[in-house]
Amino acid sequence: MTDAIGVILFTGVIAYAVFGGADFGAGFWDLTAGGAVRGSAPRSLIDRSIGPVWEANHTWLIYCLVVLWTGFPPAFAAITTTLYIPLGLAALGIVLRGSGFAFRKVTLRTAQQRLTGVVFAVSSVLTPFCFGGIAGAVASGRVPSTGGGAPLSSWLNPTGVLGGVLAVVACAYLAAVFLSSAATHPYPDEALYLYFRRRALAAGIAVGIVCLAGVFVLHVDAPRLFHQLSTRGLALLIVSAAAGLAALATLRARRSRLPRSFASLAVATVIAGWGVAQYPYLLGTHMSLAQAAAPDSTLWVLVAVACTAAVLIAPSLAALYVLHERDRLTSSA
Amino acid sequence: MPSASCATTAVLQALASAGEPSQLLPAREQMAFTLGFHIIIVPFGVAFTFLMLLANHRGLRRGDKQAMLLARRWSKVAAVLFAVGAVSGTVLTFELGILWPGLMGRYGAAFGFPFAIEGIFFFLEAIFMSFYIYGWDRLSPWAHFWTGVPVVISSLGGASAVVAANAWMNQPGGITMRAGRIVDVSPAKVFFNGAFWFETIHMLLAAYIVAGFVVAGVYAAGMLKGRQDAYHRTGFLIGFVVAAVTVPVQIFVGDLVAREVFHSEPAKFAAIELLPDSGDHVPETLGGVLIDGKVRYGLPIPDMASLLAGFRPSTHIDGLDAIPAPVRPSDAGVSIVHLAFDIMVGASMALLALSVWFAWLWWRHRRVPTNVWFLRCAALSGLVALVSLESGWVVTEVGRQPWTVVGLLLTQDAVTTHGNLWPFFGATVIIYATVGTGALLVLRALRRRWAAQGDDDVQVPYGPEVPAVSAASPESRTP
């Protein structure tokens, strides 16, 4: 039962990392797109690509939080009392990002758009860094069972920083892959495609380098996690590496859709690897899923919620993506 | 909202001086501020979208171009406010953990799951909101209309789920505790707790009243400036009629809620009635504050409170003296709850009067009133409704103190003991002020643009203006 809830929770984390991550990464490319004239084309593509979907994608975060606090209340309290700084920064980053994006959409003056756009873009980089740091802190066992761990060193440590950097780079990578695909369809734009393809290749290589560096960081800083990843999680990591390479190869071969699937798979399997490596613990080796779990009756509610999500949300989301893909959601609003 | 914040500040300072945990004051300030902000957005997600669909339906059914234009423009406003609501709601979920780990850690198994249900509704709302906002041009008109219907329905469900969690804090039930930990939960009893139906219906009606009057107020202001065209009249009517019809229902429901509070939350009721001593023949005190345990400056109406609570002057009402001293709310806290209640009821009565005035004018003239004084009052009705909403929220939140979960968890035991929340609070105030101002500026800019040119331009970010449809097409890009 607890394991099922763990799976439900991690499904949400993976969905948020892939879909939410691509939206965050779009902010990274928005930030680095240059001045008003030069950055106009990529930014309009970013607006068009994430406009109709970012709020739905963002909801995965809420899903993760509510499943965590309902299913594993003491773990949630331990995490929030230890990692309140990155959590607080991420929360404020989310406010700025969402508002900045929504405001830019309806403002017309370049000066206003520049301001709201910068707010959107900077917070799109800050927020995933914080989330990566939080993941690193949890994964390396720096959140004590009773909470109140070190407010800074719990996440500003080698594993936490690795998590943060990896999150930022992986988001940028996902976004560049998604955007390069979006540039081919439904309004093919060769220049824009090449623009994001270059960035996707560069970001993909950057992710690879960070991951290789990560092996050494984890070996020194989080030996247990390293051990688990290199044994139980190894298969997933191999899949991830293969998918990452396949994404690069298909990108080079100028395939438009395949890189998206491979890149998503690469990110999803890394997250799944983290989950498998942690199992059966939620925090380090001191709090297991079972120890943190709410009573069965509550967990059944969560199972029901997850089933409802599968029945109602999944088809709606699929319809959203399909209609978006077919360019049916491009009103001037 | 400023009044709510100031009011809470006063009570918080009063509490802080009594040797409370150091983070209690910033935590309550922050929660009050962010929730007070978010609750302004809620009526727009819940009820404004309904008004939007009404306009859309009218536009489709009667071929009313003005109504169609209203629906289209309202959807843009809804999009901006929905984004602000989505992110400010997310902050609240973070805050539940950062500020109140004692609540989440101990009671998350019960208090938490209504939010999981809310999550489903919010997911649906966000998805269908995208269909509706972005589907204007490429979906068939009726299909597009129907994508808006799940938005309205799921917003009702989502708001109900959140209010269920709040109602549970007022009347907790459905849990079995052993050694300070929840060992069993009865989900139906947690969700449909004693206060659920009362609080939920009260809140949803409030959302319709606020959204209706705010919309009506905007168009009343336009009509005062001489823009009395069909567009403004339709916008005014849709908002005003929905709100005006809801007000009497709300006053009836509010009366039921007050009696439910009398029966099930006597401490809150004593604060509402500003009643230091238990007894019968209790007067209804209008205004007034509690100073050193004595009622001052109020205008008492003899027997009224007893009559309202039990329909007889001899109805016995528990006063503050019936609450054990250690958990008795402070004089300042009681005064705030009482005054907030008076403001809420007073504002609702003013809105009722305005609605009756409208009915009278409509009955006489069969058209949207052009009476300047009526329009002036209508222009302010949105603000009055917002004040009423915030006051009602202060009544239920401050009225619960010193408890976070009544009878189970004191607020001082729910609050975090780690770190310093003041910088977080400061940053939050700055960012929210910026976002709030930004939202108002953006909406004002939209209004000006619509008033000036009447078309729906949109353009490439950071680039020159281009016509709407080609915004996404390749030839419009500046390479």
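Enquirer: Account for the overall build of chain B, with residues named and values stated.
Expert: Looking only at helices and strands, one finds 15 helices and eight strands in chain B. A compact globule built from 479 residues would reach a C-alpha radius of gyration of about 23 Å, and chain B, at 24 Å, matches this within 12%. Out of the 479 residues in chain B, the part that is buried amounts to 58%. Expressed as a percentage of contacts within chain B between residues at least 6 apart in sequence, the contacts between residues at least 24 apart total 74%. Accessible surface, chain B: about 18,800 Å² in total, of which carbon and sulfur atoms supply 67%. Taking the average place of the 32 positive charges on the side chains of chain B and the average place of its 31 negative ones, the gap between the two points comes to 11 Å.

Enquirer: Requested: an account of the overall build of chain A, with residues and values cited.
Expert: Each helix and strand counted, chain A has 13 helices and two strands in total. For 333 residues, the compact-globule formula gives about 20 Å, and the C-alpha radius of gyration of chain A, at 20 Å, lands near that figure. Dimensions of chain A, computed from the C-alpha atoms along their principal axes, are close to 55 × 40 × 35 Å. Counting only contacts in chain A whose residues sit at least 6 apart along the sequence, the fraction spanning at least 24 positions is 81%. Just so you have it, chain A exposes about 11,700 Å², and 73% of that area is on carbon and sulfur atoms.

Enquirer: Break down a positive patch on the surface for me, with residues and values.
Expert: Residues Arg109 of chain A together with Lys225, Arg227, Arg444, Arg447 and Arg448 of chain B make up a contiguous surface patch of positive charge. If you trace the backbone, Arg227 of chain B turns up in the loop between helix 8 (196–224) and helix 9 (230–264).

Enquirer: Give a detailed account of the interface of chain A and chain B, specifying residues and quantitative values.
Expert: Taken together, the 84 residues of chain A in the interface contact 78 residues of chain B. For the chain A and chain B pair, buried surface summed over both sides reaches about 7,200 Å², with 72% attributable to carbon and sulfur atoms. At the junction of chain A with chain B, the criterion picks out zero salt bridges. Linking chain A with chain B are twelve residue pairs in polar contact (both at pLDDT 80 or more), by the criterion used here. Sorting the residues of the side of chain A that touches chain B by element identifies helix 2 (40–50), helix 3 (54–71), helix 4 (73–82), helix 5 (84–106), helix 6 (110–139), helix 12 (289–292) and helix 13 (296–325) of chain A as the ones contributing at least two each. The dominant element in the side of chain A that touches chain B, judged by the number of residues it contributes, is helix 5 of chain A, at 16 residues.

Enquirer: Would you mind going over the packing of aromatic side chains in detail, with residue names and values included?
Expert: Residue and element names in this part refer to chain B. Inspection of the entire model under this criterion finds 46 aromatic pairs over all chains. With a centroid separation of 5.3 Å and an interplanar angle of 45°, the aromatic rings of Phe191 and Phe196 are classed as tilted. The two residues Phe191 and Phe196 agree in class, both being buried. Arranged with centres 5.7 Å apart and planes meeting at 35°, the rings of Trp360 and Trp363 form a pair that is tilted. Of this pair, Trp360 and Trp363 both sit in helix 12 (residues 331–365), three residues apart, roughly one helical turn. Exposure remark for Trp360: the relative accessible area of 45% places this residue in the partly exposed category.

Enquirer: Please give an account of the nonpolar core that cites residues and values.
Expert: Grouped together as the largest cluster of nonpolar side chains are 262 residues, with contacts concentrated most on Phe72 of chain A together with Trp74, Phe94, Trp100, Phe111, Phe236 and Phe240 of chain B. No other element matches helix 3 (residues 65–99) of chain B, which puts 19 residues into this core. With residues near it in sequence (within four places) discarded, Phe240 of chain B still touches Gly212, Phe213, Ala216, Leu354, Ser355, Phe358, Phe374 and Ala378 of chain B.

Enquirer: So, the pattern of salt bridges: which residues are in play, and what are the values?
Expert: Tallying each qualifying case throughout the model produces twelve salt bridges over all chains. Linking Arg72 of chain B and Asp137 of chain B is a salt bridge whose minimum nitrogen-to-oxygen distance equals 2.8 Å. Residue Arg72 of chain B is located in helix 3, and its partner Asp137 of chain B is located in the loop between helix 5 (113–134) and helix 6 (141–170); the two are separated by 65 residues in the primary sequence. The class for Arg72 of chain B is buried, based on a relative accessible area of 19%. Taking relative accessible area as the criterion, Asp137 of chain B reaches 37% and is therefore assigned partly exposed. Each of Asp30, Arg43, Asp47 and Arg104 of chain A takes part in one network of salt bridges that share partners.

Enquirer: Break down empty space enclosed by the protein for me, citing the residues and quoting the values.
Expert: Counted under the stated rule, the structure contains six cavities of 30 Å³ or more. Estimated volume of the second largest cavity: approximately 140 Å³. Among the elements of the structure, helix 3 and helix 5 of chain A together with helix 3 and helix 5 of chain B are those that each provide at least two residues to the lining of the second largest cavity. In the lining of the second largest cavity, the residues fall into eleven nonpolar, two polar and two charged.

Enquirer: Report on the state of the cysteines, specifying residues and quantitative values.
Expert: Counted according to the given criterion, the structure contains zero disulfides over all chains. Not engaged in a disulfide, the cysteine Cys307 of chain A finds its nearest cysteine sulfur in Cys64 of chain A; these two sulfurs lie 17 Å apart.

Enquirer: Describe the environment of Phe213 of chain B, with residues and values.
Expert: All names here are of chain B. By the element assignment, Phe213 lies in helix 8. Overall, the relative accessible area of 0% leaves Phe213 in the buried class. Separated by 26 residues in sequence, Phe213 and Gly239 place their C-alpha atoms 6.0 Å apart. Among residues more than four places away in sequence, those in contact with Phe213 are Gly239, Phe240, Ala243, Ala244, Val247, Leu351, Leu354, Ser355, Ala378, Ser381, Gly382 and Ala385.

Enquirer: Pulling in residues and values, what's your account of the pairing of strand 2 (residues 181–185) of chain B?
Expert: Residues and elements named next belong to chain B. For strand 1 (residues 175–178) and strand 2, the ladder comprises four bridges, and the chain directions are antiparallel. Its bridge partner lying in strand 2, Ile175 is registered against Val185. Remark: two residues form the turn of the hairpin made by strand 1 and strand 2, two consecutive strands paired antiparallel; Ala179 in that turn has positive phi of roughly 50°.

Enquirer: Go over helix 9 (residues 223–231) of chain A, please, and point to the residues and values.
Expert: Residue and element names in this part refer to chain A. Listed as buried for helix 9 are Leu225, Gln228 and Leu229. With its buried residues spanning 100° around the axis, helix 9 presents them on a single face. For helix 9, the secondary structure elements touched by its buried residues are helix 6, helix 8 (190–221), helix 10 (234–252) and helix 11 (258–278).

Enquirer: Describe a nonpolar patch on the surface, listing the residues and the values that go with them.
Expert: Residue and element names in this part refer to chain B. A cluster of nonpolar side chains, Leu286, Leu299, Ile301, Met304, Leu307 and Leu308, forms an exposed patch at the surface whose accessible area comes to about 460 Å². When residues of the nonpolar patch are traced back to their parent elements, those giving at least two are strand 6 (299–301) and helix 11 (304–310). Ranked by the residues each element gives to the nonpolar patch, the list is headed by helix 11, at three residues. In this fold, Ile301 is placed in strand 6. A relative accessible area of 33% places Ile301 in the partly exposed class.

What counts and what doesn't
- Residues numbered from 1 in each chain as written.
- Chains lettered and ligands numbered in written order.
- Predicted model: local features only at pLDDT ≥ 70, side-chain atom pairs only at ≥ 80, totals over all residues.
- Heavy atoms only, no water.
- Helix = DSSP H or I, 4+ residues; strand = E, 2+ residues; numbered from the N terminus.
- Rg over C-alpha atoms; globule rule 2.2 N^0.38 Å.
- Buried < 20%, exposed > 50% of the residue type's maximum accessible area, 1.4 Å probe, protein only.
- Contact = heavy atoms within 4.5 Å.
- Areas by Shrake-Rupley, 256 points an atom, 1.4 Å probe, with all protein chains shown as cover.
- Lys, Arg positive; Asp, Glu negative; His and termini not counted.
- Charge placed at Lys NZ, Arg CZ, Asp CG, Glu CD.
- Patch = residues over 30% accessible without salt bridge, like charges linked within 9 Å, V, L, I, M, F, W, Y side chains within 5 Å.
- Salt bridge = Lys/Arg side-chain N within 4 Å of Asp/Glu carboxyl O.
- Buried area = accessible area lost by both parts, 1.4 Å probe.
- Polar contact = N/O pair within 3.5 Å; in protein donor to acceptor, adjacent residues only side chain to side chain.
- Phe/Tyr/Trp six-rings, centres within 6.5 Å; stacked < 30°, edge-to-face > 60°.
- Core = buried A, V, L, I, M, F, W, Y, C linked by side-chain atoms within 4.5 Å.
- 1 Å grid on protein atoms, 1.4 Å probe; cavity = no way out; pocket = protein on both sides within 12 Å on 5 of 7 lines; lining within 4 Å.
- Points joined across faces, edges and corners; volume = space filled by probe spheres on them.
- Nonpolar A, V, L, I, M, F, W, Y, C, P; charged D, E, K, R; others polar.
- Disulfide = S-S within 2.5 Å.
- Pairing = 2+ DSSP bridges.
- Arc of directions from axis to C-beta.

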